[in-house]
Amino acid sequence: VQLQASGGGLVQAGGSLRLSCAASGRLFSINHLGWYRQAPGKRRELVATLTNGNIATYADAVAGRFTISRDSDALYAVSLQMNSLKPEDTATYYCNANAGSGSYENDYWGQGTEVTVSS
């Protein structure tokens, strides 16, 4: 599975940004797509995931501000709409695909995209 992410950038606090991610390759093996983020000096953390059945899960820190959705014309492409951004949302954001099952289950990562929120 390969992931191509786009979006990100610099925005003032309270602003909005949209990230997009498109998967290719062994799409039939994908269980869910999502976004993680890693701030400097911190561990990578879950932001949001979306299952093939369109069940979304959000980190407490972003719930109510971020929305993950599937692109209308691509089952294996998702977007992350980020509203009311805060300086603490500044991080490198990574698209993630969880694929396979049992001993063949793996996580795949896209290239990181930078999000910087100025105060």
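All values derive from a computational prediction rather than experimental measurement.

What follows is about the state of the cysteines. Here the structure, examined in full by the defined rule, presents 1 disulfide. In this model Cys21 forms its disulfide with Cys95; the gap between the sulfur atoms is 1.8 Å. Judged by the torsion about the S-S bond (-80 degrees), the Cys21/Cys95 disulfide is left-handed. On the criterion of sequence distance, the pair formed by Cys21 in strand E3 (residues 17-24) and Cys95 in strand E9 (residues 91-99) is long-range, its members being 74 residues apart. Each of the two residues, Cys21 as well as Cys95, counts as buried.

This part is about unusual backbone geometry. Within the chain, Asn54 stands out as a residue other than glycine whose phi angle is a positive 65 degrees. Using a relative accessible area of 49% as the deciding quantity, one classes Asn54 as partly exposed. Positive phi outside glycine occurs at Ser84, with the angle close to 50 degrees. Relative to the helices and strands, Ser84 resides in the loop between strand E8 (77-82) and E9.

For the coordinates displayed, the defined rule picks out 3 salt bridges. A salt bridge links Arg37 to Glu45; the nearest nitrogen and oxygen atoms lie 2.7 Å apart. Since its relative accessible area comes to 37%, Glu45 is described here as partly exposed. For Asp89, the salt bridge identified is with Arg65, shortest N-O distance 2.7 Å. You can see Asp89 sitting in the loop between E8 and E9 and its partner Arg65 sitting in the loop between strand E6 (56-58) and strand E7 (66-70), a full 24 residues away along the chain. For Arg65, a relative accessible area of 11% translates into the label buried. By sharing partners, the salt bridges in this structure join Arg37, Glu45, Arg65 and Asp89 into a single network.

Within a sheet, adjacent strands bond to each other through the backbone by hydrogen bonds, running parallel or antiparallel. Read across the open sheet, the 4 strands follow the order E1-E3-E8-E7; overall the sheet is antiparallel. Both edges of this open sheet fall to strand E1 (2-7) and E7, since each of them pairs with a single strand only. Shown here is a sheet whose adjacent strand axes are inclined to one another by a mean of 15 degrees, direction ignored. By the bridge criterion, 5 bridges tie E7 to E8 in an arrangement that is antiparallel. Counterpart to Ser69 in the pairing with E8 is Ser79.

Looking at the element boundaries, Arg37 is found in strand E4 (residues 30-38). At 2.7 Å, the side chain of Arg37 and the side chain of Glu45 are in polar contact. Reaching out from Arg37, the side chain makes a polar contact with the side chain of Tyr93 at a distance of 3.0 Å. Beyond its immediate sequence surroundings of up to four residues, Arg37 is in contact with Arg43, Arg44, Glu45, Val47, Ala61, Val62, Phe66, Glu88, Asp89, Ala91, Thr92 and Tyr93.

Cut-offs and rules
Residues numbered from 1 in each chain as written. Predicted model: local features only at pLDDT ≥ 70, side-chain atom pairs only at ≥ 80, totals over all residues. Heavy atoms only, no water. Disulfide = S-S within 2.5 Å. Helix = DSSP H or I, 4+ residues; strand = E, 2+ residues; numbered from the N terminus. Buried < 20%, exposed > 50% of the residue type's maximum accessible area, 1.4 Å probe, protein only. Salt bridge = Lys/Arg side-chain N within 4 Å of Asp/Glu carboxyl O. Pairing = 2+ DSSP bridges. Axes fitted to C-alpha atoms, helices over the stretch in contact; angles between N-to-C directions. Polar contact = N/O pair within 3.5 Å; in protein donor to acceptor, adjacent residues only side chain to side chain. Contact = heavy atoms within 4.5 Å.

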